[in-house]
Amino acid sequence: MRDHHQIYGVDHSPWVQAVLVGLHLKAQDYDLTPLPSLRKLLHSGVRMPALKVDGVWQTESADILEKLGYASADPRDQAMVAATWQGVLHRPDSLLNFFNSFAKVRMIGASGLTRSIRQLLRPLLTIFFYVLIKLALWRLKPTDPENFTEQFKPINERLKSQAFLCGEAPGILDCQQFGIIQCHLSIPHPPLVAAMTADPALKHLHAWMERMHGLLQGYPHLYSEDYFTPHQPPYAIASPGQRAIFWFGVALYLLALPLTLLALVLLTLKTLANR
Ligand SMILES: N[C@@H](CCC(=O)N[C@@H](CS)C(=O)NCC(=O)O)C(=O)O
């Protein structure tokens with residue numbers, strides 16, 4: 001029997017993507033909401049992904065994937081995948097692009113009115129994540145590598161002799177690696193995208209992406225749909241009306257700046273307290 005899961009998260013997040021890919025590969029149904037419910041907010045703040053398994057909130061993507069039946073990975077292999085995260089802090093390079101890409105994330109389910117109310121609340125989360133990444137940049141002061149190809153070479157090497165990172169069938173590492181690549185493509189940084197999708201030095205990685213594409217027919221959170229074959233239908237974005245509501249929300253939060261700052265501090269405290 002297909003299980004039906006409620007999951008909170010935005011599909012820009014590599015960890016949310018990993019869980020969604022894991023669910024899709026196991027043909028499990030789910031509803032994804034890009035706004036946490038009040039209950040989830042009180043439980044673990046805005047940290048994503050979050051999925052209730054047997055009545056208990058799970059907020060670690062690897063734990064969620066293991067609960068879904070994927071075998072855990074060796075820590076060295078986990079590190080190999082995590083090493084391909086360089087470049088992710090370019091997401092807020094353009095403020096407008098960052099907010100626009102959040103505005104485009106579609107809300108599904110619920111009535112039109114409920115969706116519109118939720119859409120008005122979402123800019124607050126967008127501001128939260130924008131500030132979070134800007135703070136990380138300020139604290140870590142990362143510098144770009146000479147090229148973005150190097151970080152993918154161990155993955156590419158692994159895929160020379162096997163179809164998937166976990167062997168002959170996709171496993172937890174494949175979900176996580178695919179999630180990181182979707183994250184990179186959700187707000188593209190051109191040098192990173194060029195390395196990842198077109199550098200011939202990564203041909204085994206590209207062949208693996210095509211295998212994953214083949215398995216993920218109908219997956220609605222694909223940001224790589226144009227880069228690899230088999231091509232998939234374009235990513236379905238929020239309607240112009242829903243995007244307008246999002247931008248109206250942004251204006252409201254800016255007009256009520258003191259209250260917005262207070263809400264951001266409360267969200268941060270709640271999220272930190274539950275880490
Ligand atoms: N180790 C966690 C990482 C989750 C994570 O860092 N999620 C980010 C979004 S990409 C987040 O919610 N950050 C907010 C925070 O941690 O305060 C997992 O694999 O699920």
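Computed from a prediction, not measured in an experiment: that's the story for all the values here. (Residues numbered from 1 in each chain as written. Predicted model: local features only at pLDDT ≥ 70, side-chain atom pairs only at ≥ 80, totals over all residues.)

Asks: Is there a simple way to explain the site of the ligand in this structure?
Replies: Taken together, Ser 13, Trp 15, Arg 47, Met 48, Pro 49, Glu 60, Ser 61, Ala 62, Leu 132 and Thr 271 make up the full set of residues near the ligand. Of the residues in the shell around the ligand, the class split is five nonpolar, three polar and two charged. (Near = placed C-beta within 6 Å. Nonpolar A, V, L, I, M, F, W, Y, C, P; charged D, E, K, R; others polar.)

Asks: So what exactly am I meant to see when it comes to unusual backbone geometry here?
Replies: Most peptide bonds are trans, and most residues other than glycine sit at a negative phi. At the junction of Met 48 and Pro 49, the peptide bond is cis and its omega measures out at 5 degrees in the coordinates. The residue Pro 49 is located in the loop between helix H2 (38–44) and strand S3 (50–53) in this model. Following Thr 229, the chain continues into Pro 230 via a peptide bond in cis, with omega recorded as -10 degrees. Structurally, the position occupied by Pro 230 is in the loop between helix H10 (203–215) and helix H11 (240–255). (Helix = DSSP H or I, 4+ residues; strand = E, 2+ residues; numbered from the N terminus.)

Asks: Is there a simple way to explain the sheet that holds strand S4 (residues 56–58) in this structure?
Replies: Strands pair in a sheet through their backbones, by hydrogen bonds, and they do so in one of two ways: parallel or antiparallel. In spatial order, the strands read S2-S1-S3-S4; together these four strands make up an open sheet with mixed pairing. Each edge of the open sheet carries a strand with a single partner, namely strand S2 (29–33) and S4. On average, each strand axis in the sheet is inclined to that of its neighbour by 30 degrees, with strand direction left out of account. In terms of strand pairing, strand S1 (residues 4–8) meets S3 through two bridges, oriented antiparallel. Across the sheet, residue Tyr 8 finds its bridge partner in S3, namely Ala 50. (Pairing = 2+ DSSP bridges. Axes fitted to C-alpha atoms, helices over the stretch in contact; angles between N-to-C directions.)

Asks: I would appreciate a short explanation of the packing of helix H7 (residues 153–161) against H10 in the present structure.
Replies: Geometry of a packed helix pair, given as the angle between the helix axes and the separation of the axes. Where H7 meets H10, the closest approach of the two axes is 7 Å, and the angle between their N-to-C directions is 70 degrees. By the angle between their axes, H7 is roughly perpendicular relative to H10. Here the hand of the crossing between H7 and H10 comes out left-handed. For the pair H7 and H10, contact is made by Ile 155, Asn 156, Leu 159 and Lys 160 and by His 204, Leu 205 and Trp 208, respectively. Tallied by class, residues from the contact of H7 with H10 come to four nonpolar, two polar and one charged. (Parallel < 35°, antiparallel > 145°, perpendicular 65-115°, else oblique. Left-handed = near helix turned anticlockwise from the far one by under 90°. Contact = placed C-beta atoms within 7 Å.)

Asks: Please explain helix H12 (residues 257–273) as it appears in this structure.
Replies: For the α-helix, the turn length of 3.6 residues means that residues three or four positions removed from each other point alike. Across its 17 residues, H12 extends 24 Å between first and last C-alpha, which sits within 8% of the 24 Å expected from 1.5 Å per residue. With respect to burial, H12 is a largely exposed element, only zero of its 17 residues being buried. (Expected span 1.5 Å × (residues − 1). Buried ≥ 20, exposed ≤ 12 C-beta atoms within 10 Å, placed from the backbone.)

Asks: Would you explain the environment of Leu 132 in this entry?
Replies: For Leu 132, the location among the structural elements is in helix H6 (residues 112–140). Judged by the 15 C-beta atoms lying within 10 Å of it, Leu 132 falls in the partly exposed class.

Asks: I tried to follow the pairing of S1 on my own but got confused; where do I start?
Replies: Successive side chains on a regular strand alternate, one facing one side of the sheet and the next facing the other. As paired elements, S1 and S2 share five bridges and run parallel to each other. Bridging from a neighbouring strand, His 5 pairs with Tyr 30 of S2. This β-α-β element, S1 to helix H1 (residues 14–25) to S2, shows right-handed connectivity. (Right-handed = clockwise from strand over helix to strand, strands pointing away.)

Asks: Explanation requested: the packing of H6 against H12 in the structure shown.
Replies: Look at H6 against H12: their axes get within 10 Å of each other, and the N-to-C directions meet at 70 degrees. If you check the angle between H6 and H12, you find them roughly perpendicular. Seen from above, H6 lies across H12 with right-handed handedness. When H6 is examined against H12, the residues Leu 124, Ile 127, Phe 128 and Val 131 are found in contact with a partner set consisting of Thr 260, Ala 263, Leu 264 and Leu 267.

Asks: How should I be thinking about the environment of Asp 74 in this particular structure?
Replies: For Asp 74, the location among the structural elements is in the loop between helix H3 (61–67) and helix H4 (75–82). A sequence separation of 99 residues divides Asp 74 from Leu 173, and the C-alpha atoms of the two residues are 9.5 Å apart.

Asks: Is there a simple way to explain the nonpolar core in this structure?
Replies: Here is a general trend for soluble globular proteins: nonpolar side chains tend to be buried in one another's company. The biggest cluster of nonpolar side chains holds 53 residues, and the ones touching the most others in it are Val 19, Val 21, Leu 65, Cys 175 and Leu 205. Once residues lying within four places of it in the same chain are set aside, the contact partners of Leu 205 are Phe 152, Ile 155, Asn 156 and Leu 159. (Core = buried A, V, L, I, M, F, W, Y, C linked by C-beta atoms within 7 Å.)

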